[in-house]
Amino acid sequence: MNDIMANPLVRALVYMIGLIAFAGLNAAYLVWCERKGAARIQRRTGPCEVGWAGLLQPLADGLKLMTKQLLVPDGVDAALFRLAPILAMLPGMVSLAVVPFSDTLQAREMELSALLIFAFASIGMLCVLLGGWASGNKFAIISSARAVSQNLAYEIPMLLTLITIAFISGSLNLRDIALEQQGNVFHWNLFRLEGWHIITMWISFIIFFICSIAETNRAPFDLAEAESELVAGYMTEYSSMGYGLFMMAEYINIVVGACLTTVLFLGGWGCPFGLAPGWWWFALKIYLLIFTIIWVRWTYPRTQIYRLLNLSWKVMIPFSLVNLLITAGLVKFL
């Protein structure tokens, strides 16, 4: 078995099948978690009819979407209209391939894996723009313009935060960044910038976490969809699996953002109490982050587009620059 997995082509194929299965099941049951979480927060019951506690509801919803027809409105660019949802899935899938889920569980190790994830996040933004423009719908076009301006604004502080982490770790390889934080979380040294980065770089963690929520178009920063203003935003004209693929892409991006936050700030697969590390600790961390994102969505109201952009350009970016300069000074002199 090990000899077979040593073949790069076989290894890539096995990991790709696993990532596709993970993406589909993960998206389905994150929707269930979100619906149940929203119901608990708002004192409702949520899905409860299909299966015990509604656990089969995501499968029923998936079957319903797959059996419906993808309607292409008149007067749209049919080729681009069909292509946009498929392209929206690819950036998240490629990003998951370079995430180190444990010391031994990683599809492909790359020296610039952190930079690759940011590059493909930009491609995901272009897919949203493509889908909105190809729809020929005024709400979808407005939504696409909002998504582009929002992503451009929040990628800058995220990249500055990544540079801050790179100063400390001396690498843009996600595996190296995770290995640099291994050990007991309580064994940290502020003046040597050792330990989990959430302890020594907590300001960077707050900036990065807020920006990751905005990058994935989640409330209170979901101005690209904004149901009360733009119906369903760039997904307004999509039905069947066109809509389903866009939704799956959104949840994959949430998982990618949680994985990146875990690797950069939470020690990757390391256990906080010095126990044996492994992928289960990594999974526990990312799903705690995802739960927090769901909690934020159903707790805070949606902001305005101008406040959203001002938060980035007037608050996040200046704080990120100051934080970068302070970290550079500490790395140089300490």
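Given the structure is predicted, the values throughout are model-derived calculations rather than measurements. (Residues numbered from 1 in each chain as written. Predicted model: local features only at pLDDT ≥ 70, side-chain atom pairs only at ≥ 80, totals over all residues. Heavy atoms only, no water.)

With that settled, the discussion passes to the overall build of the chain. Per the secondary structure count, the chain includes 13 helices and zero strands. Seen in sequence order, the chain has helices and strands lined up from the N terminus as α-α-α-α-α-α-α-α-α-α-α-α-α. Its C-alpha atoms give the chain a radius of gyration of 20 Å, within 12% of the compact-globule value 20 Å for 334 residues. Each principal axis of the C-alpha distribution contributes one length, and for the chain these read about 65 × 55 × 45 Å. With 334 residues in all, the chain has 48% of them scored as buried. (Helix = DSSP H or I, 4+ residues; strand = E, 2+ residues; numbered from the N terminus. Rg over C-alpha atoms; globule rule 2.2 N^0.38 Å. Buried < 20%, exposed > 50% of the residue type's maximum accessible area, 1.4 Å probe, protein only.)

This brings us to the packing of helix α5 (residues 113–135) against helix α6 (residues 138–169). A packed helix pair is summarised by two numbers, namely the angle formed by the two axes and the spacing between the axes. For the pair α5 and α6, interaxial distance at closest approach is 8 Å and the crossing angle is 170 degrees. One element, α5, and the other, α6, form an angle in the roughly antiparallel class. Side by side, α5 and α6 meet where Ala114, Phe118, Ala121, Ser122, Met125, Val128, Leu129, Gly132, Trp133 and Ser135 of the first sit next to Ala140, Ile141, Ser144, Ala147, Val148, Asn151, Leu152, Glu155, Met158, Leu159 and Leu162 of the second. Classifying every residue of the contact of α5 with α6 by side-chain character gives 15 nonpolar, five polar and one charged. (Axes fitted to C-alpha atoms, helices over the stretch in contact; angles between N-to-C directions. Parallel < 35°, antiparallel > 145°, perpendicular 65-115°, else oblique. Contact = heavy atoms within 4.5 Å. Nonpolar A, V, L, I, M, F, W, Y, C, P; charged D, E, K, R; others polar.)

Before going further, it helps to spend a moment on the environment of isoleucine 177. Relative to the elements of secondary structure, isoleucine 177 occurs in helix α7 (residues 174–180). For the pair formed by isoleucine 177 and valine 99, sequence separation is 78 residues and the distance between their alpha carbons is 11 Å. For isoleucine 177, the contacting residues outside a window of four places in its chain are Ile165, Ser169, Ser171, Leu172, His197, Val263 and Leu264.

Bringing the pattern of salt bridges into the picture now. Applying the stated criterion across every chain yields a total of six salt bridges. Between arginine 218 and glutamate 34 there is a salt bridge, with its nearest N and O atoms 2.6 Å apart. Of this pair, arginine 218 sits in the loop between α9 (202–215) and α10 (227–230) while glutamate 34 is found in helix α2 (residues 8–41), placing the two residues 184 residues apart along the sequence. Shared partners join several salt bridges into a network, and the residues in it are Glu34, Arg218, Glu250 and Arg297. (Salt bridge = Lys/Arg side-chain N within 4 Å of Asp/Glu carboxyl O.)

Looking now at the packing of aromatic side chains. For the coordinates displayed, the defined rule picks out 10 aromatic pairs. Aromatic pair phenylalanine 205 and phenylalanine 265: ring centres 5.6 Å apart, planes at 75 degrees, arrangement edge-to-face. One end of the pair, phenylalanine 205, is in helix α9; the other, phenylalanine 265, is in helix α11 (residues 240–265), and 60 residues separate them in sequence. A residue is classified by how much of its surface remains accessible, and phenylalanine 205, at 17% relative accessible area, is buried. (Phe/Tyr/Trp six-rings, centres within 6.5 Å; stacked < 30°, edge-to-face > 60°.)

This part takes up the packing of α9 against helix α12 (residues 279–297). Where α9 meets α12, the axes come as close as 11 Å, and the angle between the chain directions of the two elements is 65 degrees. Between α9 and α12 lies a crossing of right-handed hand. Here Phe205, Phe209 and Ile213 of α9 lie close against α12, whose contacting residues are Leu289, Thr292 and Ile293. For the contact of α9 with α12, the residue count by class is five nonpolar, one polar and no charged. (Left-handed = near helix turned anticlockwise from the far one by under 90°.)

A positive phi angle, near 60 degrees, is found at arginine 43, a position not held by glycine. Residue placement: arginine 43 occurs in the loop between α2 and α3 (57–67). Even without glycine at this site, asparagine 217 takes up a positive phi of about 60 degrees. Within the element layout of this structure, asparagine 217 appears in the loop between α9 and α10.

The topology assignment puts glutamine 181 in the loop between α7 and α8 (197–200). Taking the relative accessible area as the measure of exposure, glutamine 181 reaches 1% and is therefore buried.

Here the focus is α12. A rise of 1.5 Å per residue sets the reference length of α12, with its 19 residues, at 27 Å; its end C-alpha atoms lie 27 Å apart and thus fit the reference within 8%. Within α12, the full set of buried residues consists of Trp281, Phe282, Lys285, Ile286, Leu289, Ile290, Ile293, Ile294 and Val296. (Expected span 1.5 Å × (residues − 1).)

Okay, the nonpolar core next. Counting residues in hydrophobic clusters, the biggest one holds 75 residues, and the most contacted among them are Leu96, Cys259, Leu264 and Phe282. With 15 residues, the top contributor of residues to this core is α11. (Core = buried A, V, L, I, M, F, W, Y, C linked by side-chain atoms within 4.5 Å.)

For the rest of this paragraph, the subject is a nonpolar patch on the surface. Taken together, the side chains of Trp202, Ile203, Ile206, Val315 and Phe319 make up a nonpolar region of the molecular surface, amounting to roughly 470 Å² of accessible area. Listed by contribution, the elements that provide at least two residues to the nonpolar patch are α9 and α13 (305–333). If you tally residues by element for the nonpolar patch, the top one is α9, at three residues. Tracing the sequence through the fold places valine 315 in helix α13. By relative accessible area, valine 315 is classed as partly exposed at 33%. (Patch = residues over 30% accessible without salt bridge, like charges linked within 9 Å, V, L, I, M, F, W, Y side chains within 5 Å. Areas by Shrake-Rupley, 256 points an atom, 1.4 Å probe, with all protein chains shown as cover.)

As a note on interpretation, predicted positions should not be read in detail where pLDDT is low. With 92% of its residues at a pLDDT of at least 70, the chain reaches an overall mean of 83. By mean pLDDT, helix α1 (residues 2–5) is the weakest element of the chain at 59, and α9 is the strongest at 91. (pLDDT = per-residue confidence, 0-100.)

Within the secondary structure, leucine 129 is located in helix α5. Using a relative accessible area of 35% as the deciding quantity, one classes leucine 129 as partly exposed. Expressed as a C-alpha distance, the spacing of leucine 129 and arginine 146, which sit 17 residues apart in the sequence, is 9.4 Å.

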